[in-house]
Amino acid sequence: MRQLGILVLLISKLTWLYAQNEGGLPATKRSIINNKWQDRAQISGQGSKPAGQYVLWYRQPAKIWEEALPVGNGSLGAMIFGGLSDERIQLNESSLWDGHPVDADNPRSLEALPTVRKLLFENKNNEAVALAAKTMMGNPPGIKSYQSLGELWFDTPITNAEDYIRSLDLSTAVSSVSFKANNVTYGREIFSSIDNKVVLVHFTAGKKNKISFTLTLKRQENAECIADASDGKTIVLRGMLPTKDATGKWAGLHFATKVKAVNKGGIVTVTDGMMKVADATEVTLYIAGATNYPGLQNLAKGSFASQGDAPEIVCGKTIAAALQKTYPQLKKAHIESHQKLFNRVQINLHTIVDKDESLPTDELLAKAKNAGNLPAGLIETFFQYGRYLLISSSRPGGLPANLQGLWAWQMNPPWNADFHTNINLQMNYWPAEITNLPELHQPLFDLQALLAKTGAKTAKAMYGAEGWVVHHLTDAWGFTAPADGPQGIWPMGAAWLARHPWEHYCYSQDTVFLRQQAYPLMKGAALFILDFLVKAPEGTACAGKLVTNPSYSPENAFKLPDGSKAVFTYGATMDLEIIHDLLTNCIEASNILDTDAAFRSKCQAALQELAPVRISSATGRVMEWAEDYQEVEPHHRHTSHLYGLYPGNQITTEATPELAVAARKTLEARGDDGTGWSLAWKINMWNRLHDGDHAYKLLTVLLTTKTLPNLFDNHPPFQIDGNFGATAAIAEMFLQSQGRTKDFHYILELLPSLPAALSEGRVSGLCAEGGFVVDIEWKNNRATKISVRSRAGGELNLRLGSITAKFNTRSGELIQLDKDLKKM
Ligand code: FUC
């Protein structure tokens, strides 16, 4: 009897699992959208590696979303599973955010602030937390999510195939699928056209009339798929997000995605939301996506209304424009546009080709994991992948790359796939300048221009301060209030973000940009800080010095003397380092622009009085908080108190050797593991300590334990910042330029953190502050040839180990040097 019961339970469980998976059904008959996917086709034979240096490739379709391959043109993205019988192409449009602009500032905050501060100075940390939780949180205390646009699913009559491969060539930004079935060679190419804003799926077959499939569009909620009235070859998925504003009025975005088939041979028919292609010889799908999001610039002007045509109409027009060109023309233009950016940097870390490098990417990764070391080719691909992902997810005129770049299948992805400003959003842009993609930084500056408006209101309302403030996260609508709980009361986001336009100036030497965009953002962030800083009273650790209060070291807790835990304090080290950085940069910028003497004096005075970064007498490490608290999690993922080491420049081996030693101890104590992004940050920090071997060790941990089969970074879950942070870190092994001479000229350090394991190689096209572009070759861990092109002219200071050299350069000049930095 009991056995029968177990059997019944088992059968019902299996049926449930089957229903959950629906894997046995053709794609267009399935309904459940999750991260799993099943292709019913059987595959035999072994496809071999496609040509190209920077290629991701696989011998089977993706079974989970994290195996699918990403394409994107900054706004329209797709994840390609590469199915044969059943294909899934998941779509994103970068502006499809739930929510709407809100005024979330808490009116009680300003009144409560003095009491919160007093409690913190009196070490009544948790009383301060309780009061702040009641009075300082945003209303609403959180944001809404970035969402998937929809899914394109199709099924084909193919059930068996040979020599299957799917790939993504990073140098062309084209993904391909190829296989043989029934003695016919099939091919598919997919890319997200940069010039024409459509995703193209191009089907070919080696024989006539062999392409057939049924296709539809799906979404988990709030949308319907119907036939498009315009012709018999288009379907459209359209919907609206059911968000309402405070008055109960509909405020959610409208969105649409359209697919039109263009066929040679065969027939295309559309019934309701289903498209059938029968016996075609060639087919191209034109996929457009749009929302009525008003755009960062309009939001910054206070205009919330959507602009232009309805999303469905926009999609139709976009497809019509793309149809003016042939498929080969579209592909050629796309590749040229991509390569204008991508080809600026080349990397080659080996001269001998390792035989393992003919392995598919997932197998290569698995092998590296087992062996615990990295094939050089994998590092090259991973480095270029970070650049590829930025090119694909961040384009001038659009939104910045979010926590997942552009790609998310959910209605509510982890952390809403938002913009986290206590490390993650900034990390996304670490490779922008050094890897020669400076124009892709612009969406971050546009977001800051919006936040400077919304954040100015928050600064006034919550803190009675000038300038602009951002707390630990924001969204596409410009949210700037504290969110998610008291840990969200971290008013340092703007001050950190403002480093980015400054960096853009340092690399470009573009004083017009500095005057018009960077400096106003930096100054606004500094004005807030100048008002927010308070003098620590007698009896506190930093008595008489300027500190932040309330303050928080993201997202670490500490133990109070009575054993209880707390998060809030005053003068957390990270705050002091961010402020040191910001004020130093504002002083330099105002000098360059020869402006704002009074403001400059204020910055100088505040810098003088700012509490210093201190070393713990108990541990020899950099103290994380003003008081030498013990952290609750010694291996905590955030290494916030080393901001001054990276991305800042307050802690250096040369100028502050004691702090550098303390930073090393801090990194050692934090350990060699962590989330994907945490590892990427630490690699950058080890580079700044010039310890390439330790940096390489952590790169190995990142690639072998925190990297998904499609080379997406794994927090876990997938979070793209680790990709970007690691790409920047690989670049900084070869070139760093954060240092200045005493008279403010740029210092370029060549091979400052070269790991022994990368003994031979060459890299070209990396950028340095001061407007220099650098190529380096090395052998036996020593540079053999260096060339530096000066874009802006000016003094060039080079360091290579203990060798130094100085040149006065003309704009456009190319300087070629030998291993001793002598001109060749
Ligand atoms: C920060 C991190 C988390 C995560 C989230 C998106 O809060 O501490 O690990 O990356 O951002």
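Throughout what follows, the structure given in this document is the object of discussion. (Residues numbered from 1 in each chain as written. Predicted model: local features only at pLDDT ≥ 70, side-chain atom pairs only at ≥ 80, totals over all residues. Heavy atoms only, no water.)

## Description of the environment of Ile43
- Relative to the helices and strands, Ile43 resides in strand S1 (residues 42-44).
- Here Ile43 is in contact with Arg59, Gln60, Pro61, Leu84, Ala161 and Tyr164, once residues within four sequence places are set aside. (Helix = DSSP H or I, 4+ residues; strand = E, 2+ residues; numbered from the N terminus. Contact = heavy atoms within 4.5 Å.)

## Concerning the pairing of strand S6 (residues 150-155)
- For S6, the buried fraction is high: six of the six residues fall into the buried class.
- Side-chain alternation along S6 places Gly150, Leu152 and Phe154 on one buried face and Glu151, Trp153 and Asp155 on a second face that is also buried.
- Examined bridge by bridge, S6 and strand S11 (residues 211-218) share five bridges and lie antiparallel to one another. From the neighbouring strand, Trp153 faces S11, where its bridge partner is Thr216. (Buried < 20%, exposed > 50% of the residue type's maximum accessible area, 1.4 Å probe, protein only. Pairing = 2+ DSSP bridges.)

## Looking at the sheet that holds strand S24 (residues 558-559)
- The strand order across the open sheet formed by three strands is S25-S24-S27, and the pairing between neighbours is antiparallel. Two strands close off the open sheet at either side, each with one partner strand: strand S25 (565-566) and strand S27 (630-631).
- Of the strand pairs in this sheet, S24 and S27 are connected by two bridges, and their pairing is antiparallel. Within S27, the residue paired with Lys559 across the bridge is Gln630.

## A short note on the pattern of salt bridges
- Applying the stated criterion to the full structure yields 37 salt bridges.
- A salt bridge links Glu588 to Arg740; the nearest nitrogen and oxygen atoms lie 3.6 Å apart. Of this pair, Glu588 sits in helix H15 (residues 573-593) while Arg740 sits in strand S28 (residues 735-740), and the two are 152 residues apart along the sequence.
- Here Arg740 falls in the partly exposed class, since its relative accessible area comes to 21%.
- Among the ionic pairs, Asp820 bridges to Lys819, the shortest N-O distance being 3.1 Å.
- Using a relative accessible area of 31% as the deciding quantity, one classes Asp820 as partly exposed.
- A network of salt bridges, in which partner residues are shared, links Arg30, Arg40 and Asp86. (Salt bridge = Lys/Arg side-chain N within 4 Å of Asp/Glu carboxyl O.)

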